[in-house]
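Below, each chain spelled out in residue letters.
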Amino acid sequence: MRLSIAGRDPVTQVADLVGGHDLRSRWFGVGRSVIAIAELSVLLLTPMKALLVPVVSMGDFPRCNSVRAASALCLGGDGVNDEVRRWVLAAVLLVVASGYRPRWTAIPHAWATYSIAVSIAVPDGGESIAMIMCFLMVPIALADDRTWHWQPATSMLAPSWRALSFVAFLAIRLQIAFLYLDSAISKFGVADWANGTAEYYFLRDNMFGVGAPWDSLLLWLSKSPPIVVGLTWGALLIELAIGVCLLSSHRRRRAAMVMDILLHGSIVLTMGLWSFALVMIGSSIVCATPDQARQTPVPEEKAQAAAPDREPTPVASA
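Residues numbered from 1 in each chain as written. Predicted model: local features only at pLDDT ≥ 70, side-chain atom pairs only at ≥ 80, totals over all residues. Heavy atoms only, no water.

Topic: the state of the cysteines
Then, in step 1: Considering all chains together, one arrives at one disulfide under this definition.
Then, in step 2: Residue cysteine 64 pairs covalently with cysteine 74 via a disulfide, S to S 2.0 Å. Negative torsions about the S-S bond denote left-handed disulfides, and the value of about -90 degrees found for cysteine 64 with cysteine 74 makes this one left-handed. With cysteine 64 in the loop between helix H3 (48-51) and helix H4 (82-98) and cysteine 74 in the loop between H3 and H4, this residue pair connects regions lying ten residues apart in the sequence. (Disulfide = S-S within 2.5 Å. Helix = DSSP H or I, 4+ residues; strand = E, 2+ residues; numbered from the N terminus.)

Right, dumping it as structure tokens:
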């Protein structure tokens, strides 16, 4: 006798989830574009000499040993100018951000973010997260046969692509949820976060502290113990809530996306970190993508001719 949950066979429940899974919607497209724009901003707003500055004890950049040799910033050796490489990567990211042919740009997108993450001298966490997200999005994008990822789907998704996309989407949600939960829980082991004073010191940090036009107001407000404790512990509670909601239903994932935008939007206004914030916001939008895409109807004979191996179930109306 098989175990059942709420009177239903777990195997049947999983089959139903996979059978109706389809991420081909504007939600996924917007999240993917935001992540591409985040990495594009790194390339366009930072000089190459700053991205590839030599680091003490690490030598010159880019480092092209081992698997780093596959980076776009290593290909061609000394015979290719770094500015040429920068504009090649920028062109790839620009096409991805435009939403054109997700299936064709999936692997170039992953390659571009990988090149930035492993080759620049001082990457922040955003570059690593963008790289992981782009690799996990490859199966989802390869399943996306739309011309533009802003368009509704016009065909049924093949069962094999549906299963791969489902697994990749689950992995993305688990990865981003773990990131937020680990970030929040680990902070409780740091004295300044545990006692509620961390934001007081962050706002006054010489490198990442608050700048104009909010500096006078926030520095004055942070002198109040209740306010600074609320800011510090509030950030931890929001991170915990985001992590939990990303593992739940679509409605709660949308709530997590809103909290994510508020959290990282406030960080941008006070501390900057634009590219990191955009990567996290883009990731939360991808996680909030509905499990089932709305589709536009197509003639039955055209759908069967275009995809004879796909399921014969009728296409839902938008």
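Some words on the packing of helix H7 (residues 159-187) against helix H12 (residues 250-271)
Then, in step 1: Here H7 crosses H12 at 45 degrees, and the two axes come no closer than 14 Å. Regarding the angle of H7 to H12, the classification is oblique. When the axes of H7 and H12 are compared, the crossing they make is left-handed. Listed contacts from H12 to Phe169, Arg173 and Tyr180 of H7 are Arg253, Asp260, Leu263 and His264.
Then, in step 2: When its residues are assigned to classes, the contact of H7 with H12 shows three nonpolar, one polar and three charged. (Axes fitted to C-alpha atoms, helices over the stretch in contact; angles between N-to-C directions. Parallel < 35°, antiparallel > 145°, perpendicular 65-115°, else oblique. Left-handed = near helix turned anticlockwise from the far one by under 90°. Contact = heavy atoms within 4.5 Å. Nonpolar A, V, L, I, M, F, W, Y, C, P; charged D, E, K, R; others polar.)

Re the nonpolar core
Then, in step 1: In terms of nonpolar packing, the biggest core is built from 31 residues, with Met133, Met137, Ile140, Ile172, Ile176, Tyr180 and Leu246 touching the most fellow members.
Then, in step 2: Among the secondary structure elements, those contributing two or more residues to this core are helix H2 (26-45), helix H6 (125-142), H7, helix H11 (225-245), H12 and helix H13 (274-287).
Then, in step 3: Among the elements that take part in this core, H6 stands out by supplying seven residues, more than any other.
Then, in step 4: Once you skip the residues sitting within four places of it in the chain, methionine 137 turns out to touch Phe28, Arg32, Ile35, His109, Ile172 and Val286.
Then, in step 5: Of all hydrophobic cores here, the second largest spans 20 residues; its members include Leu43, Ala72, Val96 and Ala121. (Core = buried A, V, L, I, M, F, W, Y, C linked by side-chain atoms within 4.5 Å. Buried < 20%, exposed > 50% of the residue type's maximum accessible area, 1.4 Å probe, protein only.)

As for the environment of histidine 149
Then, in step 1: Examined against the element boundaries, histidine 149 turns out to sit in the loop between H6 and H7.
Then, in step 2: A residue is classified by how much of its surface remains accessible, and histidine 149, at 0% relative accessible area, is buried.
Then, in step 3: C-alpha of histidine 149 to C-alpha of serine 25: the two residues are 124 residues apart in sequence and 6.9 Å apart in space.
Then, in step 4: Here the side chain of histidine 149 touches arginine 32 through a polar contact of 3.5 Å, side chain to side chain. (Polar contact = N/O pair within 3.5 Å; in protein donor to acceptor, adjacent residues only side chain to side chain.)

Points about the pattern of salt bridges
Then, in step 1: Per the stated rule, a full pass over the model turns up seven salt bridges.
Then, in step 2: In this structure, the salt-bridge partner of aspartate 22 is arginine 24, at a minimum N-O distance of 2.8 Å. Grouping residues by exposure puts aspartate 22 and arginine 24 together as buried.
Then, in step 3: The closest approach of N and O atoms between glutamate 83 and arginine 86, which form a salt bridge, is 3.1 Å. Residue glutamate 83 and its partner arginine 86 are both found in helix H4; the two are separated by three residues, about one turn of the helix.
Then, in step 4: The exposure class of glutamate 83 is partly exposed, given its relative accessible area of 32%.
Then, in step 5: By sharing partners, the salt bridges in this structure join Asp22, Arg24 and Asp145 into a single network. (Salt bridge = Lys/Arg side-chain N within 4 Å of Asp/Glu carboxyl O.)

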